[in-house]
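Chain by chain, the residues run as shown.
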Amino acid sequence: MKRREIILQGVRVHNLKNISVNIPKNQLVVFTGVSGSGKSSLAFDTIYAEGHRQYVESLSSYARQFLARTPKPDVDTISGLAPAIAIEQKVHSGNVRSTIATATELYEYLRLLFARAGRTISPVSNQEVQSDTVSDVVEYIMKQPTGTKIILTSKITISHKTIIQKELQTLLQKGFTRVFYNNNPIEIESVLSGAEKVTSKKLELLIDRFIVRENIDEAEQNRISDSVQIAFTEGNGYCSLWIDKDTIQFSENFERDGIVFERPTPQLFNFNNSYGACRKCEGTGTITDFSPELVFRKKYLSITDNCIHPWTSVFVSKAVKNLYRDFLAAAPIFKVRTNVPYALLSQEEKNLLWFGNNKLPGLYPFLKGEYPEVRCSNPNIYKGPTACPECSGFRLRKEANYVFVGNYCMKDLLALTIDQLSEAFEQIPQQLREHELNLSTRLLHEITTRLAYLRQVGVGYLQVSRPMNTLSGGETQRIHLATYLGSNLTGAMYILDEPSVGLHPRDANNLIEILKRLRNQGNSVIVVEHDEATIRNADFILDFGPKAGELGGQVVAQGNLQTLLNTSESLTAQYLNRKLQIPIPVTYRKPIGWINLTNVLEHNLKGINVSFPLGVLTVVTGVSGSGKSTLVRTVLTHALTTTPVKTNYVSQSTPIYESVSGDFQLLKAVEVVDQSPIGRSSRSNPVTYIEAFEAIRELFANQPDSKKKRLSPGFFSFNIAGGRCESCEGEGEILIPMQFLPDVKITCEACKGKRFSQNVLEINYKGKNIADVLDMTVSEAIQHFKNVPKIVNRLQKLEDVGLGYIRLGQSSSTLSGGEAQRVKLAAFLSRSNSEKNSLLIFDEPTTGLHFYDVDILLQVFNQLIEAGNTIIVIEHNLEVIKCADWIIDLGPEGGANGGYLVYAGTPDKILQQKNSLTATFLAQRLKETVINQ
């Protein structure tokens, strides 16, 4: 009998205090509680870790020899586990070739669809390219009227090095006796004897002659088929039928209009393979060349308003100015609009402007020096990473774009968003011929199913060819979730880390339905989550607490929603019951100045004008894909780099906006506090990032025993030879390469994972060595070093932002995006008690935060603002939105239907905005808060 529960006894992983729980299978289970209370320790570090270990242990003796050295989770017993799949909330930073289409297996089905049902169209005649088979020729012969006389021939190919007589002698030896010349059969021996005079241009080899009969038996059909096959073989893939002086040609070769085309195969559409990859960019989609991004620096301007820098800058020569005038004169002939902002030109107009033609001068040939009489003085300043001109950035060799499924080639489909692609596949079945539809029915089903899942998890606004390493952690997680849904697995155990991150409340219900569908397929779904809607829809809830770190690690409540709500000691229950609340501000702070952006056209933003107030808390919100990150992270941050204000942001491109203006004198610095990792190395950790480790090392170096051994602060660093363990070079782990399996990390046997040499580990401060200190939580370390203000002052900032539970030496790669963001905030706070008059930009800082932690974060924000700083937050969390001084709401939808400024003002007046989806959900939250205050 199968177990219906996952039974855990005596779990002591991290801060879990010897807990024992029974988790029901095949249900939607939510782990909740304050940050650092032990949720992830049970979900990922215990259940998933043991499930994954048991799975790999069953594979082979080769794997088991390493796993025997891999520690099991600190737990007495675990039973009832199923194969585990972890879908974590981490930014994908792997292969740059990985795209949404490849990561979701959508691209694999598209490749198969084009290989099976694709029609190759000649770019010359726009006609379909087809090759003839033996059966095609036989079928054509059988359709002729009874009594029709047919002669089957093939072309005799004679090279310049071979004389006709020698070729005919060879054919005679093969058994052929006649050739066909001037519509007449001639004996080969007559030609060889000189009795008949022929030329190679009109000479055909006569293969066979037929008379079409009313009823042709099987033997006769086989004879015709054999003859046609011989004709194709001797004619190098070509043969001809002569019927009453008419000639019908057939070809086994895949060609038309004098071009031999590639036959559609899955590999032709594989840009990760040398066969299918673009020859110029080798499948990466980008090259270093003259870049439109550098040429058209002010995309909000039109051609006549001097958007073309190399033609209109003050340094250009008279000849260049004349070339510019020539373009303006010829542009109307080719319907290139010169009075429209460059950003709003069609792709065809942009191509004409860039490449030109015989009558229209183009920028690209000008920069390359193809106009001898007109030269660019310094063309190299316009070079940079740009989309490959041969594949337009879509990575495939040009031959792949001659193949069409319905009305689309592969490049057309890859240019679409998930929403647009889904709409395209509603039309494609009607565009297919019957045999094409029969071949692709299953593939069409798989593609449309995956697209539906992607739309349901709220990423329909993303382009399918977008690289995975450009996505946020929440987007990455939801894409993986949609991928697993499409695989239709049953009996598995899915463990998810806050899948609601990055989702507007409007999209949360769709996500919950997805989780329920996973459950209904016969899977166990365990979700680490703080989202209220997800908690209320759970079948079973485990609430951890009561607080974080050493004050947590216990199960405060377990059972259904009602059980949780009736648990008085649960902080989660108190917030859900509204007994505890994050209060609404009594008054809204008044701005002390403004930063103004005009005519923002980047990505899907529709030429909006936006003003950001200074000295207050501004929340930029809207549904996923509405343009929030584009407006703040791309446009505003770049715009501020062009001002006198100091910023830590490095621009990778020039976004499209007209101007930035405002009260810059009120700002001294700009800090972008995002969710990117604080370090990609396993050696990077919170204590080094906030610059507290140097003070700790100095403290240990000043101990009497250190002075006796002459140990300087450098000996207490695991990055420097001398004090670190040389077996693992200070890593604490050794990487074991595994064939056909992920590499395995095992604890270093020399230092037992402590990272330092024994000589260094003998030095203690208050009974703790340097390894013990790195294993402390922030809260523990504050108590341990309470008499060392230099250390405590920096660690206190981590405590202030709600990170008292993380360990000082915890690898930065194990931190969530939200934790990494708060470490950066703590680092800012620790720098001379933070800079005054700074602008801080946050991207969803509530990631990973419980209601209780959100309250703490808002208190930190208020302290920063009261100290004279400005905060701009990209956020969906209603608790933060209701506490804002100013709201900028974008939408009304995502993707092409977003990018408009729906509302800008105080939270109380957004409720009057009927087309604001944010207002719909905020109204209910404000109502609940007012009633219960």
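Report follows, based on the coordinates. Since this is a predicted model, take the numbers as computed values, not measurements.

### Some points on the overall build of the protein
When helices and strands are counted, the protein shows 34 helices and 34 strands. Taking the principal axes of its C-alpha atoms as reference, the protein extends roughly 120 × 80 × 65 Å. Taking all 933 residues of the protein together, the buried fraction comes to 53%. In the protein, the proportion of contacts linking residues at least 24 apart, taken out of those at least 6 apart, comes to 68%. Of the roughly 42,000 Å² that the protein leaves accessible, carbon and sulfur atoms contribute 47%. Taking the average place of the 100 positive charges on the side chains of the protein and the average place of its 96 negative ones, the gap between the two points comes to 4 Å.

### Brief notes about the packing of helix 15 (residues 418-431) against helix 16 (residues 434-456)
At a minimum axis distance of 10 Å, the contact between helix 15 and helix 16 shows a crossing angle of 155°. Considered as vectors, helix 15 and helix 16 are oriented roughly antiparallel to each other. Between helix 15 and helix 16 the crossing geometry is left-handed. Residue-level inspection shows Ile418, Asp419, Leu421, Ser422, Phe425, Ile428 and Pro429 of helix 15 in contact with helix 16, the latter providing Leu437, Leu444, Ile447, Thr448, Leu451, Leu454 and Arg455. Looking at the contact of helix 15 with helix 16 residue by residue, the classes come out as 10 nonpolar, two polar and two charged.

### A few points about unusual backbone geometry
With an omega dihedral of 0°, the bond running from Gly545 to Pro546 counts as a cis peptide bond. Take Pro546: it is sitting in the loop between strand 21 (540-545) and strand 22 (554-559). Of the consecutive residues Gly891 and Pro892, the connecting peptide bond is found in the cis state with omega at 5°. Checked against the element boundaries, Pro892 lands in the loop between strand 33 (886-891) and strand 34 (900-905). Residue Asn183 is not a glycine yet carries a positive backbone phi of 65°. Assignment of secondary structure puts Asn183 in the loop between strand 8 (178-181) and strand 9 (184-187). By relative accessible area, Asn183 is classed as partly exposed at 38%. Phi at Lys335 is positive, roughly 60°, even though this residue is not glycine. Relative to the helices and strands, Lys335 resides in the loop between helix 11 (318-330) and helix 12 (347-355).

### Points about the side chain of Glu50
As for its position among the elements, Glu50 is in helix 1 (residues 39-57). The exposure class of Glu50 is buried, given its relative accessible area of 7%. Contacts of Glu50, omitting those with residues within four sequence positions, involve Lys72, Pro73, Ile78 and Leu81.

### Here we look at helix 22 (residues 628-641)
Along its 14 residues, helix 22 runs 19 Å from first to last C-alpha, staying within 8% of the 20 Å computed at 1.5 Å per residue. For helix 22, a buried count of 11 out of 14 residues is recorded, marking the element as mostly surrounded by other parts of the structure. Those residues of helix 22 that fall on the buried side of the exposure criterion are Lys628, Thr630, Leu631, Val632, Thr634, Val635, Leu636, Thr637, His638, Ala639 and Leu640.

### Here we look at the sheet that holds strand 5 (residues 84-87)
Pairing in this open sheet of six strands is mixed, and the strands run 5-19-20-3-21-22 from one edge to the other. Both edges of this open sheet fall to strand 5 and strand 22, since each of them pairs with a single strand only. Strand-to-strand twist in this sheet, taken as the mean axis angle between neighbours without regard to direction, amounts to 15°. Relative to strand 20 (residues 524-528), strand 19 (residues 493-497) runs parallel, the two sharing five bridges. Following the sheet pairing, Asp497 is matched in strand 20 by Val528. Against the sheet, helix 18 (residues 505-520) touches strand 3 (28-33), strand 19 and strand 20, its axis set at about 145° to strand 20.

### Topic: the packing of aromatic side chains
Summed over all chains, the structure comprises 21 aromatic pairs. Chaining the aromatic ring pairs together yields one cluster made of Phe290, Phe296, Tyr342, Trp354, Phe355 and Tyr364. Lys350 extends its terminal NZ or CZ atom over the ring of Tyr342, reaching a point 5.1 Å from the ring centre. One residue, Arg397, lies across the ring of Tyr275, its end atom 5.1 Å from the ring centre.

### Regarding the sheet that holds strand 7 (residues 149-155)
As summarised here, the arrangement of the six strands in space is 9-8-10-7-11-12, forming an open sheet in which the pairing is antiparallel. Two strands close off the open sheet at either side, each with one partner strand: strand 9 and strand 12 (246-251). Averaged over all pairs of adjacent strands, the angle between their axes in this sheet comes to 40°, without regard to strand direction. Pairing of strand 11 (residues 238-243) with strand 12 involves six bridges; the strand directions are antiparallel.

### Quick word on the environment of Ser813
Counting through the fold element by element, Ser813 comes out in the loop between helix 29 (789-800) and helix 30 (817-830). A relative accessible area of 39% means that Ser813 is categorised as partly exposed. Separated by 299 residues in the primary sequence, Ser813 and Ile514 place their C-alpha atoms 28 Å from one another.

### Here we look at the pattern of salt bridges
This structure, assessed with the given rule, holds 34 salt bridges. We note a salt bridge from Asp76 to Arg12, for which the minimum N-O separation is 3.0 Å. Remark: Arg12 occurs in the loop between strand 1 (5-11) and strand 2 (19-24) and Asp76 occurs in strand 4 (residues 75-79); sequence separation between them is 64 residues. Its relative accessible area of 30% is what places Arg12 among the partly exposed residues. Its salt-bridge partner being Glu436, residue Arg119 comes within 3.4 Å of it at the nearest N-O pair. Of this pair, Arg119 sits in strand 6 (residues 119-120) while Glu436 sits in helix 16, and the two are 317 residues apart along the sequence. Take Arg119: its relative accessible area is 17%, and that puts it in the buried class. Through salt bridges with shared partners, a single ionic network connects Glu532, Arg536, Arg578, Glu879, Lys882 and Arg925.

### Some words on helix 16
Taking 1.5 Å as the rise per residue, helix 16 with 23 residues should run 33 Å; its terminal C-alpha atoms sit 31 Å apart, in good agreement. When the local axis directions of helix 16 are compared, the greatest deviation, roughly 60°, occurs at Ser440. For helix 16, every residue scored as buried is listed here: Glu436, Ser440, Leu443, Leu444, Glu446, Ile447, Thr449, Arg450, Leu451, Tyr453 and Leu454. Just downstream of helix 16 lies Gly458, where phi reads positive at about 85°.

### With respect to the nonpolar core
Counting residues in each nonpolar core, the largest one holds 142 residues, and the members touching the most others are Phe425, Ile696, Phe785 and Leu825. The biggest single contributor to this core is helix 31 (residues 851-866), with eight residues. If near-sequence neighbours (up to four positions away) are discounted, Ile696 is found in contact with Val687, Ile770, Val773, Phe785, Ile791 and Leu808. Residues Phe296, Ala330, Leu353 and Ile656 belong to the second largest nonpolar core, which totals 34 residues.

### Some points on the environment of Ile19
Its location among the elements puts Ile19 in strand 2. A sequence separation of 23 residues divides Ile19 from Leu42, and the C-alpha atoms of the two residues are 9.6 Å apart. Setting aside residues up to four positions removed in sequence, Ile19 forms contacts with Leu8, Gln9, Gly10, Val11, Leu42, Phe544, Gly553, Gln554 and Val555.

Reading the values: rules and limits
- Residues numbered from 1 in each chain as written.
- Predicted model: local features only at pLDDT ≥ 70, side-chain atom pairs only at ≥ 80, totals over all residues.
- Heavy atoms only, no water.
- Helix = DSSP H or I, 4+ residues; strand = E, 2+ residues; numbered from the N terminus.
- Buried < 20%, exposed > 50% of the residue type's maximum accessible area, 1.4 Å probe, protein only.
- Contact = heavy atoms within 4.5 Å.
- Areas by Shrake-Rupley, 256 points an atom, 1.4 Å probe, with all protein chains shown as cover.
- Lys, Arg positive; Asp, Glu negative; His and termini not counted.
- Charge placed at Lys NZ, Arg CZ, Asp CG, Glu CD.
- Axes fitted to C-alpha atoms, helices over the stretch in contact; angles between N-to-C directions.
- Parallel < 35°, antiparallel > 145°, perpendicular 65-115°, else oblique.
- Left-handed = near helix turned anticlockwise from the far one by under 90°.
- Nonpolar A, V, L, I, M, F, W, Y, C, P; charged D, E, K, R; others polar.
- Expected span 1.5 Å × (residues − 1).
- Pairing = 2+ DSSP bridges.
- Phe/Tyr/Trp six-rings, centres within 6.5 Å; stacked < 30°, edge-to-face > 60°.
- Lys NZ or Arg CZ within 6 Å of the ring centre and 35° of its normal.
- Salt bridge = Lys/Arg side-chain N within 4 Å of Asp/Glu carboxyl O.
- Bend = angle between axes of the 7 residues up to and from the residue.
- Core = buried A, V, L, I, M, F, W, Y, C linked by side-chain atoms within 4.5 Å.

By themselves these figures say nothing about function.
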